[in-house]
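# A structural walkthrough
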Amino acid sequence: MKTTTPEVCDYTGSTYRVDFWEGKGREYEDAVERIALRELLPAEGRRYIDFGAGFGRLINEAARYDEIVVMDYSATMLQDAKQYLAKQPNAQRFIYVAADLYKLPFAANTFDVGMMCRVIHHLADAPAALKQIHACLTPGSTFVLEFANKRNLKAILRYLLKQQDWNPYDLAPVEFVKLNFDFHPQYIYTALKEAGFTTIRQIPISWLRLGLFKRVLPLPLMVGLDRVLQFVGRMVPASPSIFTQNRIPGDRPPVVSQDAMFKCPITGAALHREGDTMVSTVGNPRWAIRDGIYDFKEPIQ
Ligand SMILES: C[S@@+](CC[C@H](N)C(=O)[O-])C[C@H]1O[C@@H](n2cnc3c(N)ncnc32)[C@H](O)[C@@H]1O
């Protein structure tokens, strides 16, 4: 097993919810992401996971699933999520897990639905994380992935006008700010395939993500236009954000029970619960459960 993993874009202590979303004029982005999710998430499922859920912004799109895992690297984001989601119906369905996408603490066949939005753009080794994700989903499961598209209209124009030095047609990810990457669609589709996923559909979204449009067009019109572009733009997906629907081939077995869903992220051994600690069946690592959040980032010393 690889012992070193790439640096993480750490949101610990971040006020992402109020700094980026609430009152920040991003109702359009939020609305069009929800449209794509409603199209791509399956009608039913036993256990759902939002990888890099942040403060839980999109969790209510998963209301139809029996159990919901809210997973993120940042424990403070998960504390925000707990507060934000406390009033959701059946809030006891939520399981909060702090973990690193490069070292996931979930056993095989733990989830039959997974989703990741606005996270892969922080990953220096996206293919490694996709392999980790694949390993905890069942055959027959659906994984909805959003990624930031480097081959978008604005980037193409800027490149042609020589206002941008990186080439949007180049397959390699571009790191435009430290730990912030835009991806060529083909790079993501290849990484998904190599991880074991079959990509079924793509929906290019957020075509009108420009201050000018937001100033002159009312929100319902922008959302309606985006819906049309999501459909007609599928052949030439040059939007800044793309949602994909991916499946793992095979018949869907039942997901494992909640007692069996965790594994040690260091050794891969099964874990069992003793009070507020998850204890490995092999070796020493022990993992804390604090304020209702499973913490798999650092073992208890
Ligand atoms: C831009 S926020 C998106 C949050 C949420 N998905 C949304 O769309 O509102 C990115 C999130 O990814 C998480 N993240 C970044 N790298 C991670 C990693 N290696 N493992 C787990 N979470 C990670 C961050 O902690 C942060 O909450």
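Definitions and cut-offs
Residues numbered from 1 in each chain as written. Predicted model: local features only at pLDDT ≥ 70, side-chain atom pairs only at ≥ 80, totals over all residues. Heavy atoms only, no water. Helix = DSSP H or I, 4+ residues; strand = E, 2+ residues; numbered from the N terminus. Rg over C-alpha atoms; globule rule 2.2 N^0.38 Å. Buried < 20%, exposed > 50% of the residue type's maximum accessible area, 1.4 Å probe, protein only. Contact = heavy atoms within 4.5 Å. Phe/Tyr/Trp six-rings, centres within 6.5 Å; stacked < 30°, edge-to-face > 60°. Lys NZ or Arg CZ within 6 Å of the ring centre and 35° of its normal. Disulfide = S-S within 2.5 Å. Pairing = 2+ DSSP bridges. Near = heavy atom within 4 Å. Polar contact = N/O pair within 3.5 Å; in protein donor to acceptor, adjacent residues only side chain to side chain. Areas by Shrake-Rupley, 256 points an atom, 1.4 Å probe, with all protein chains shown as cover. Axes fitted to C-alpha atoms, helices over the stretch in contact; angles between N-to-C directions.

This paragraph deals with the overall build of the chain. Helices and strands together make up the secondary structure of the chain, namely 8 helices and 13 strands. The C-alpha atoms of the chain give a radius of gyration of 19 Å, which matches the 19 Å a tight globule of 301 residues would have. Principal axes of the C-alpha set define a box for the chain whose edges measure 60 × 40 × 40 Å. The 301 residues of the chain split such that 50% are buried. When contacts within the chain are restricted to residue pairs at least 6 apart in sequence, long-range pairs at least 24 apart make up 71% of them.

A few words now on the packing of aromatic side chains. Taken as a whole, this structure holds 18 aromatic pairs when the rule is applied. Centre to centre, the rings of Tyr-16 and Phe-20 are 5.5 Å apart; their planes meet at 15°, and the pair counts as stacked. Of this pair, Tyr-16 and Phe-20 both sit in helix 1 (residues 16–21), 4 residues apart, which is roughly one turn of that helix. Residue classification places Tyr-16 among the buried residues on the basis of a relative accessible area of 17%. Among the residues examined, Phe-20 registers a relative accessible area of 24% and is labelled partly exposed. Between the aromatic rings of Tyr-294 and Phe-296, the centroid separation amounts to 6.3 Å while the plane-to-plane angle is 5°, which identifies the pairing as stacked. Tyr-294 sits in the buried class, given a relative accessible area of 12%. A connected cluster of aromatic rings, assembled from ring pairs, spans Tyr-11, Tyr-16, Phe-20, Trp-21, Phe-55 and Tyr-84. Between the NZ or CZ atom of Arg-26 and the centre of the ring of Phe-20, over which it lies, the distance is 3.6 Å. The side chain of Lys-297 reaches across the aromatic face of Tyr-73, ending 4.1 Å from its centre.

This structure, assessed with the given rule, holds 0 disulfides. Sulfur of Cys-9: no disulfide; nearest cysteine sulfur belongs to Cys-117 and is 15 Å away. A residue is classified by how much of its surface remains accessible, and Cys-9, at 23% relative accessible area, is partly exposed.

Here we take up the pairing of strand 2 (residues 67–72). Strand 2 sits mainly inside the fold: 6 of its 6 residues count as buried. Covered by surrounding structure in strand 2 are Glu-67, Val-69 and Met-71 together with Ile-68, Val-70 and Asp-72, the residues of both alternating faces. Strand direction decides the pairing type here: strand 1 (residues 47–51) and strand 2, joined by 5 bridges, are parallel. Within strand 2, the residue paired with Arg-47 across the bridge is Glu-67. The sheet contact formed by strand 2 and strand 3 (residues 94–98) spans 5 bridges and is parallel. Within strand 3, the residue paired with Val-69 across the bridge is Ile-95.

As a structural note, the neighbourhood of the ligand is formed by 21 residues, with Gly-52, Arg-57, Asp-72, Asp-100 and Cys-117 the closest of them. Between the ligand and Tyr-73, the relevant distance is 3.2 Å, taken from a nitrogen atom to a main-chain nitrogen or oxygen of the residue. Contacts to the ligand include Cys-117, whose backbone N or O atom sits 2.8 Å from a nitrogen atom. When isolated, the ligand has an accessible area of 600 Å², and the protein chains bury 99% of it.

Further remarks concern the sheet that holds strand 5 (residues 137–148). The mixed open sheet is built from 11 strands, whose spatial order is 8-9-5-4-1-2-3-13-12-11-10. With partners counted over all chains shown, the strands left at the sheet margins are strand 8 (198–205) and strand 10 (271–274), one partner each. Between one strand axis and the next, the sheet turns through 20° on average, direction left out of account. Across 3 bridges, strand 1 lies against strand 4 (residues 111–116) in parallel orientation. Within strand 4, the residue paired with Asp-50 across the bridge is Met-115. Its contacts with the sheet put helix 3 (residues 75–85) on strand 2, strand 3 and strand 13 (293–295), and the angle it makes with strand 3 is roughly 165°. Along the sheet, helix 6 (residues 185–195) contacts strand 5, strand 8 and strand 9 (241–247); its crossing angle with strand 5, the most-contacted strand, is approximately 165°.

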